[in-house]
Amino acid sequence: MAPPAPSATRRIAGVGLATASGVAVAVQSRINGELGVRLSDGIAAAVVSFGVGLLVLLVLVPATPGGRRGLVALRGALADGTLRPWHCLGGVCGALLVAAQGLTIGALGVAVFTVAVVAGQSGSSLAVDRAGVGPNGRQPVTAQRLAGAALTVVAVLLAVGDRVGDPGTLGLALLPLLAGVAIAWQQAVNGRVRMASGSALTATLVNFTAGTTALLATFAVDVAVRGWPAGELPTEPWFYLGGPIGIVFIAIAAAIVRFTGVLLLGLATIAGQIVGAVLLDVLRPTTAASHPGLTTLLGAALTMVAVLVTALAPAAPRQPGGPAR
């Protein structure tokens, strides 16, 4: 028998938390971007961000009763097959996204990169929910959920349309498109780890371990090809807040995906990121970013509408079969 669908109250609360965490991700992106400038290497900045987060978790998880119980439960779930080893590789998807940034943003620009990621994430979220990869089982692709995903892509296109670069470089958009597809899978499997371990912190530790390992391997190749980064580590403490912000984001996503589903979680996070980015450009613009225009503000507002369209859809009963194993 299929488990009951989550209540509307939990779903709406999850949307609020996901949107707030999306705003935090926009702040994290600004911090990591500035760190990349200081180090003259975006991959090195990502290693520092993930590494700081991993160090915090390596201290925090064993120090808390819930974290210790989560580690024991995680080991048991892996031993009895409730959780498969590939469920623990969600953090690699975060590493893929960072690598895509470093490899393609210079040619594509942030606008095309963002559109590609959102398009991949929106479509993949529908497929991941339908396949039941996440902890809340299989969810049907309804007209309202499909409309919400499509409306999100339109909203992001509107928000960044005045900054879309040379169409001749769009072939490079395949990599960020794949990174967007990977993000949906990451959110789903992190939710599975959280359910198996009973601890969002433990799931976050697993995510950061996999992501840091992948980034260190990427950084080793980067150093072998281009040499050691030319910049130096900054002394200002705020440059090292990217990792802790990531801990909060991953922990929230792992905890609430069972209430929202992968699609709604992704759309709410995208909305938060767009709104957060607009607020940052208004309140603390960088030398490269101008104040957002009317179309950018309209696009940001439309992302919120897209989330509401999906969130207010009638909760369809979860289909039999449970989460995919």
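As shown above, the structure is provided for reference.
Worth saying up front: this structure is predicted, and the values here are computed from it rather than measured. (Residues numbered from 1 in each chain as written. Predicted model: local features only at pLDDT ≥ 70, side-chain atom pairs only at ≥ 80, totals over all residues. Heavy atoms only, no water.)

(A) Spatial organisation of the nonpolar core. Within the largest apolar cluster, 24 residues are counted, with the highest numbers of intra-cluster contacts made by Leu35, Leu39, Leu57, Leu205, Phe208, Leu215 and Phe219. Elements that contribute at least two residues to this core include exactly helix H1 (8-39), helix H2 (42-63), helix H4 (90-131), helix H7 (200-226) and helix H8 (242-283). Among residues more than four places away in sequence, those in contact with Phe208 are Phe50, Gly53, Leu54, Leu57, Gly243, Gly246, Ile247 and Ile250. Listed in part, the 12 residues of the second largest apolar core include Val15, Ala18, Val262 and Leu264. (Core = buried A, V, L, I, M, F, W, Y, C linked by side-chain atoms within 4.5 Å. Buried < 20%, exposed > 50% of the residue type's maximum accessible area, 1.4 Å probe, protein only. Helix = DSSP H or I, 4+ residues; strand = E, 2+ residues; numbered from the N terminus. Contact = heavy atoms within 4.5 Å.)

(B) Structural context of a nonpolar patch on the surface. A cluster of nonpolar side chains, namely Trp86, Leu89 and Val92, defines an oily patch on the protein surface of about 240 Å² accessible area. Here Leu89 shows up in the loop between helix H3 (65-80) and H4. Note on Leu89: relative accessible area 42%, which makes it partly exposed. (Patch = residues over 30% accessible without salt bridge, like charges linked within 9 Å, V, L, I, M, F, W, Y side chains within 5 Å. Areas by Shrake-Rupley, 256 points an atom, 1.4 Å probe, with all protein chains shown as cover. Salt bridge = Lys/Arg side-chain N within 4 Å of Asp/Glu carboxyl O.)

(C) Main features of the environment of Ala214. Looking at where Ala214 falls in the secondary structure, it is placed in helix H7. For the pair Ala214 and Ala99, spaced 115 residues apart in the sequence, the C-alpha separation amounts to 10.0 Å. Sequence-distant contacts of Ala214, that is, excluding residues within four places in its chain, are made with Val92 and Ala95.

(D) Geometry of the pattern of salt bridges. Applying the stated criterion across every chain, the model contains three salt bridges. For Asp41, the salt bridge identified is with Arg226, shortest N-O distance 3.5 Å. On the criterion of sequence distance, the pair formed by Asp41 in the loop between H1 and H2 and Arg226 in helix H7 is long-range, its members being 185 residues apart. Note on Arg226: relative accessible area 56%, which makes it exposed. One salt bridge connects Arg226 with Asp222, and the closest N-O pair in it is separated by 2.8 Å. You can see Arg226 and its partner Asp222 sitting in helix H7, four residues apart, about one turn around the helix. A single salt-bridge network, built from bridges that share partners, covers Asp41, Asp222 and Arg226.

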